[in-house]
Amino acid sequence: MFRKILFFILSGLLTQPLLAQNLDRAKLDQYFDALDKAGKFMGSVALSQNGEIIYTRSVGYADVEKGIKADDKTRYRIGSITKTFTSVLVMKAIEENKLKLEQKLADFFPNVKNADKITLYHMLTHQSGIYNVTNRPDYLSWHTQAKSEKEMVDLIIQGGSVFEPGTNTEYSNSNYILLTYILERVYQKTYAQLLQESVTSPLALTHTAVGGKIQPQQNEAKSYQFRDTWKEEPETDMSVPAGAGNLISTPVDILKFSNGLFGGKLLKPETVAKMTQVQKRVGAGLFAIPFHHFQGFGHTGGIDGFSSMFGHFPETKVAFAITSNGTTLAVNDIAIVLLSAVHQMPYEIPSYQKFEISEEELAQYVGVYASPQIPLKITITQTGKTLSAQATGQQAFPLEPREKNVFVFELAGVVMTFDPEQKTMLLKQGGGQFNFRKEQ
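We now turn to the structure provided with this report. What you see is a predicted model; the values in this text were computed from it and never measured. (Residues numbered from 1 in each chain as written. Predicted model: local features only at pLDDT ≥ 70, side-chain atom pairs only at ≥ 80, totals over all residues. Heavy atoms only, no water.)

### Examining the overall build of the chain
The number of helices and strands found in the chain is ten helices and 21 strands. Whereas a compact globule of 440 residues would reach a radius of gyration of roughly 22 Å, the chain reaches 22 Å, a difference of no more than 12%. Each principal axis of the C-alpha distribution contributes one length, and for the chain these read about 65 × 55 × 45 Å. Per-residue burial over the chain gives 55% buried out of 440 residues. Sequence-distant contacts in the chain: of pairs separated by 6 or more residues, those separated by 24 or more amount to 65%. For the chain, the centre of its 44 positive side-chain charges and the centre of its 44 negative side-chain charges are spaced 3 Å apart. (Helix = DSSP H or I, 4+ residues; strand = E, 2+ residues; numbered from the N terminus. Rg over C-alpha atoms; globule rule 2.2 N^0.38 Å. Buried < 20%, exposed > 50% of the residue type's maximum accessible area, 1.4 Å probe, protein only. Contact = heavy atoms within 4.5 Å. Lys, Arg positive; Asp, Glu negative; His and termini not counted. Charge placed at Lys NZ, Arg CZ, Asp CG, Glu CD.)

Here is the structure:
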């Protein structure tokens, strides 16, 4: 699913000097070996300092069915990291006097609600109030189908507005889908052409492009979700997200892009500074990523079974990038390890103890659960030795047994504790606790 952005705070204490030459690569390899052995993560990562790549690692498979292992040239769908590229293209258009930050959406799409009040800057910073088209209840019924500009614009118009422009900040893919079409109108070129001319060619990003149908024979990764084994996910048609999430890339290319952006190779310094002006951690195609007292900027991405994240720390000139085609961990957890390693901070090699439970025992948890605290129902289903949970209108996700009656979905920080006798379930996520009762 083309997922919304998740905001992360990377915690840690930076007390030692940054010495890339002292990076313990062997320990990092042990960490990724542990994830690989436990089936927790498939993907690639990269670290850079002072603009130089200092570490790369790939684990898992680009194509599980054919046994094709991932390497540092495997290309992944990077989801919403695409928005940073799109923001750069918009900012470049502004530098070239093709567009203005305060220009109104009504100049291009007057039928969008509040188009006469919405500026391009509102859209870049998710302050437009335009309904997020990927939140539509029917999204999963059409996201794999090709969509024209008109079809996508009509779907966005149908969603209306969720707040008055400039009065709030709420993430919406619709903003960057419309910005893609605006760029194409202004330049009379495709998004792919603009990307190549203004970003990938100047920075020699040889593995970054607008994606199409996944081509495993071209070292493009398929995406997966773990249900006892890795199960392939359906492919979003890349005409749907457009410049909100249609790129494929590698961690090394993402770091070249990030270093190029913050190194002044794409935009003027004052333009980059405008992108990093954040309100509620949101800038123009960038989000604040604090790591203790250092301030970084970056983005996350999620589409189908892919997840990704990059962060750049201008003060220390450290950057990281993660691309995954299958993970049961939040990429933020992996980011913390990478940043800890490059700053010579302690981190642990995880030891995963799998809790075994029989199919007969799993059956007692199956059913539909409702809570008076939130308007969502959660349906628990069983396939063999795997439980899955699905909230109303959302995609199903697998649950991993952690101990008796306790199941987790680490990717979203979900913990479910069942009481089969009382027919109840306690859901914990993000500091919140919600009591559910089994309906059937």
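Now that the structure has been shown, we can carry on.
### So, the packing of aromatic side chains
Applying the stated criterion across every chain, the model contains 14 aromatic pairs. With centroids separated by 5.6 Å and ring planes inclined at 70°, the aromatic side chains of Tyr 369 and Phe 418 adopt a geometry described as edge-to-face. Of this pair, Tyr 369 sits in strand S14 (residues 367-370) while Phe 418 sits in strand S19 (residues 414-419), and the two are 49 residues apart along the sequence. Accessibility expressed as a relative area gives 2% for Tyr 369, which makes it buried. Phe 418 sits in the buried class, given a relative accessible area of 3%. Here a set of aromatic residues connected by ring pairs shows up, and it is made of Tyr 31, Phe 32, Phe 41 and Tyr 347. Between the NZ or CZ atom of Lys 27 and the centre of the ring of Tyr 347, over which it lies, the distance is 4.2 Å. In this arrangement the basic side chain of Lys 69 is found over the ring face of Tyr 61, its NZ or CZ atom lying 4.5 Å from the centre. (Phe/Tyr/Trp six-rings, centres within 6.5 Å; stacked < 30°, edge-to-face > 60°. Lys NZ or Arg CZ within 6 Å of the ring centre and 35° of its normal.)

### Remarks on the layout of surface pockets
Computed from the structure, the second largest pocket encloses a volume of approximately 510 Å³. Along the wall of the second largest pocket there are 24 residues; nearest its centre are Lys 40, Phe 226, Lys 354, Glu 400 and Pro 401. For the lining of the second largest pocket, the secondary-structure elements that each account for two or more residues are strand S7 (224-227), strand S17 (397-403) and strand S18 (406-409). If one sorts the elements of the lining of the second largest pocket by residue count, S17 sits on top with five residues. For the lining of the second largest pocket, the class distribution of residues is ten nonpolar, four polar and ten charged. (1 Å grid on protein atoms, 1.4 Å probe; cavity = no way out; pocket = protein on both sides within 12 Å on 5 of 7 lines; lining within 4 Å. Points joined across faces, edges and corners; volume = space filled by probe spheres on them. Nonpolar A, V, L, I, M, F, W, Y, C, P; charged D, E, K, R; others polar.)

### What to know about the sheet that holds strand S15 (residues 377-383)
Overall, antiparallel pairing links the eight strands, which are arranged S14-S15-S16-S17-S18-S19-S20-S21 in a closed barrel. Averaged over all neighbouring strand pairs, the angle between strand axes comes to 30°, with direction disregarded. In this sheet, S19 lies alongside S18 in antiparallel orientation, the contact comprising four bridges. Counted as the bridge partner of Phe 409 is Val 414 from S19. (Pairing = 2+ DSSP bridges. Axes fitted to C-alpha atoms, helices over the stretch in contact; angles between N-to-C directions.)

### Here we look at helix H5 (residues 173-187)
With 15 residues, H5 extends 22 Å between its outermost C-alpha atoms, agreeing within 8% with the 21 Å of an ideal straight helix rising 1.5 Å per residue. Among the 15 residues in H5, twelve count as buried, and that is most of the element. Taken residue by residue, H5 has Asn 173, Ser 174, Asn 175, Tyr 176, Ile 177, Leu 178, Leu 179, Thr 180, Tyr 181, Ile 182, Leu 183 and Tyr 187 as its buried positions. Packed against the buried residues of H5 are helix H2 (82-95), helix H3 (120-124), helix H4 (149-159) and helix H6 (191-203). Backbone geometry just downstream of H5 places Gln 188 in the positive-phi region, at approximately 55°. (Expected span 1.5 Å × (residues − 1).)

### Focus: the pairing of S18
Burial along S18 is two-sided: the face carrying Val 406 and Val 408 and the face carrying Phe 407 and Phe 409 are both buried. Inspection of the sheet shows S17 paired to S18 by three bridges, in the antiparallel sense. Among the inter-strand pairings, Glu 400 is bridged to a residue of S18, identified as Val 408. Connecting S17 to the next strand, S18, in antiparallel fashion are two residues, including Asn 405 with a positive phi near 70°. From the end of S18 to the start of S19, which pair antiparallel, there are four residues, and Gly 413 there has a positive phi angle of about 65°.

### A closer look at the pairing of strand S20 (residues 424-429)
Two elements, S19 and S20, share five bridges in a ladder whose sense is antiparallel. What sits directly across from Thr 417, in S20, is Leu 426. Hairpin connection of S19 to S20: four residues between the antiparallel strands, including Lys 423 at a positive phi of 55°. The pairing of S20 with strand S21 (residues 432-438) spans six bridges and is classified as antiparallel. What sits directly across from Lys 428, in S21, is Gln 433. Hairpin remark: S20 followed by S21, antiparallel, with two residues in the connecting loop; positive phi at Gly 430, about 55°.

### Thoughts on a negative patch on the surface
Together, Asp 228, Glu 359, Glu 360 and Glu 361 give the surface a local cluster of negative charge. Tracing the sequence through the fold places Glu 359 in helix H10 (residues 359-362). (Patch = residues over 30% accessible without salt bridge, like charges linked within 9 Å, V, L, I, M, F, W, Y side chains within 5 Å. Areas by Shrake-Rupley, 256 points an atom, 1.4 Å probe, with all protein chains shown as cover. Salt bridge = Lys/Arg side-chain N within 4 Å of Asp/Glu carboxyl O.)

### Quick look at the nonpolar core
Grouped together as the largest cluster of nonpolar side chains are 62 residues, with contacts concentrated most on Phe 85, Leu 99, Leu 105, Phe 109, Leu 178 and Val 199. At the level of elements, H2, H3, H4, H5, H6, helix H7 (251-262), helix H8 (269-275) and strand S13 (318-327) are the ones that each hand at least two residues to this core. Per-element tally for this core: the top contributor is H5, with eight residues. Residues in contact with Phe 85, not counting those within four places in the same chain, are Ile 78, Tyr 191, Leu 195, Val 199, Leu 205, Thr 208, Leu 247 and Phe 257. Counting residues in each nonpolar core, the second largest holds 30 residues, with Leu 23, Phe 291, Phe 294 and Leu 338 among its members. (Core = buried A, V, L, I, M, F, W, Y, C linked by side-chain atoms within 4.5 Å.)

Limitation: the analysis is restricted to geometry and does not speak to function.
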